[in-house]
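The primary structure of each chain is shown beneath.
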Amino acid sequence: MEKNAPDGEMISTVKWLIYETATKSLVCRGETTVNPSDVEIKKVGTISMKKIELGAHFNFSLAENTEKHGRGFGLKGDRDDEQTFSWDWFVIDRVGHANKLQESGELSFETTMTQSGSEISRMEFLTDVCIRIADRSNKNPLNPTWRIMIFAGSIIWWPVAAI
């Protein structure tokens, strides 16, 4: 699922679907090709957020603390047209491997050392992984309004956030 872009940078393909949790109805599905320039990067202190647009107002992000990388990292989903809450934590259980803290999900990853610390540079979904999204009116974020399912085999090359 990964290949080199003409300039030598790696591009990735992410297979996903999004559904409403209560009704199990499909919102949309797709296969997104991700070039490094497609990833929006925001840094707040030592936290870097790397976001990929999926479609139908949905996106998902990698959130990591470059100074305290050894404990884990978060994946989150979001909508650009309404206020939501999402946070799925992945615990690093050994070098290059993490498990989802709540529910099931397994990832492998590679890191790159930067001037700010260690950053995830490549992520492979070893199992299907659900990212839970609750609308802000939902009083129970553990009962999400939507779920983004990223399918096993999806690989993402994350660009470096440190500058």
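No experiment lies behind these values; they were computed from the predicted model shown.

K.L.:
So what about the sheet that holds strand 9 (residues 88–94)? Which residues, and what values?
P.N.:
In spatial order, the strands read 4-5-6-7-9-10-11-12-15; together these 9 strands make up an open sheet with antiparallel pairing. Taken across any chain shown, the strands that pair with only one partner, and hence form the sheet edges, are strand 4 (40–44) and strand 15 (155–157). The average undirected angle you get between the axes of adjacent strands in this sheet is 30 degrees.

K.L.:
Just give me the short version of the pairing of strand 14 (residues 146–150), but keep the residues and values in it.
P.N.:
Of all 5 residues that make up strand 14, 5 are buried, and the element is covered over most of its length. Burial along strand 14 is two-sided: Trp146, Ile148 and Ile150 facing one way and Arg147 and Met149 facing the other are all buried. Two elements, strand 2 (residues 10–20) and strand 14, share 5 bridges in a ladder whose sense is antiparallel. Bridge assignment links Ile18 to a residue of strand 14, and that residue is Ile148. Judged from the 5 bridges that link them, strand 13 (residues 129–135) and strand 14 form a sheet pairing that is antiparallel. Following the sheet pairing, Ile131 is matched in strand 14 by Ile148.

K.L.:
Run through the side chain of Lys100, naming residues and quoting values.
P.N.:
Considering the arrangement of structural elements, one finds Lys100 in strand 10 (residues 97–100). Within the local environment of Lys100, its side chain forms a polar contact with the side chain of Glu103, the two groups lying 2.9 Å apart. Of the polar contacts made by the side chain of Lys100, one reaches the backbone oxygen of Cys130; its length is 2.4 Å. In this view, Lys100 contacts Asp88, Trp89, Phe90, Gly105, Cys130 and Arg132; residues no more than four positions away in its chain are not counted.

K.L.:
Break down the environment of Ile47 for me, citing the residues and quoting the values.
P.N.:
The residue Ile47 is located in strand 5 (residues 47–55) in this model. Between the C-alpha atom of Ile47 and that of Ala134, which follows or precedes it by 87 residues, the distance is 22 Å. Apart from residues lying up to four places away in sequence, Ile47 is in contact with Lys42, Glu64 and Asn65.

K.L.:
Quick rundown of the environment of Phe60? Include the residues and the values.
P.N.:
The topology assignment puts Phe60 in strand 6 (residues 58–65). Note on Phe60: relative accessible area 0%, which makes it buried. Distance from Phe60 to Val95, taken between C-alpha atoms, is 24 Å for residues 35 residues apart in sequence. Setting aside residues up to four positions removed in sequence, Phe60 forms contacts with Lys50, Lys51, Ile52, Leu54, Leu75, Lys76, Gly77, Ile148, Ile150, Ile156 and Trp158.

Quick notes on the rules
Residues numbered from 1 in each chain as written. Predicted model: local features only at pLDDT ≥ 70, side-chain atom pairs only at ≥ 80, totals over all residues. Heavy atoms only, no water. Pairing = 2+ DSSP bridges. Helix = DSSP H or I, 4+ residues; strand = E, 2+ residues; numbered from the N terminus. Axes fitted to C-alpha atoms, helices over the stretch in contact; angles between N-to-C directions. Buried < 20%, exposed > 50% of the residue type's maximum accessible area, 1.4 Å probe, protein only. Polar contact = N/O pair within 3.5 Å; in protein donor to acceptor, adjacent residues only side chain to side chain. Contact = heavy atoms within 4.5 Å.

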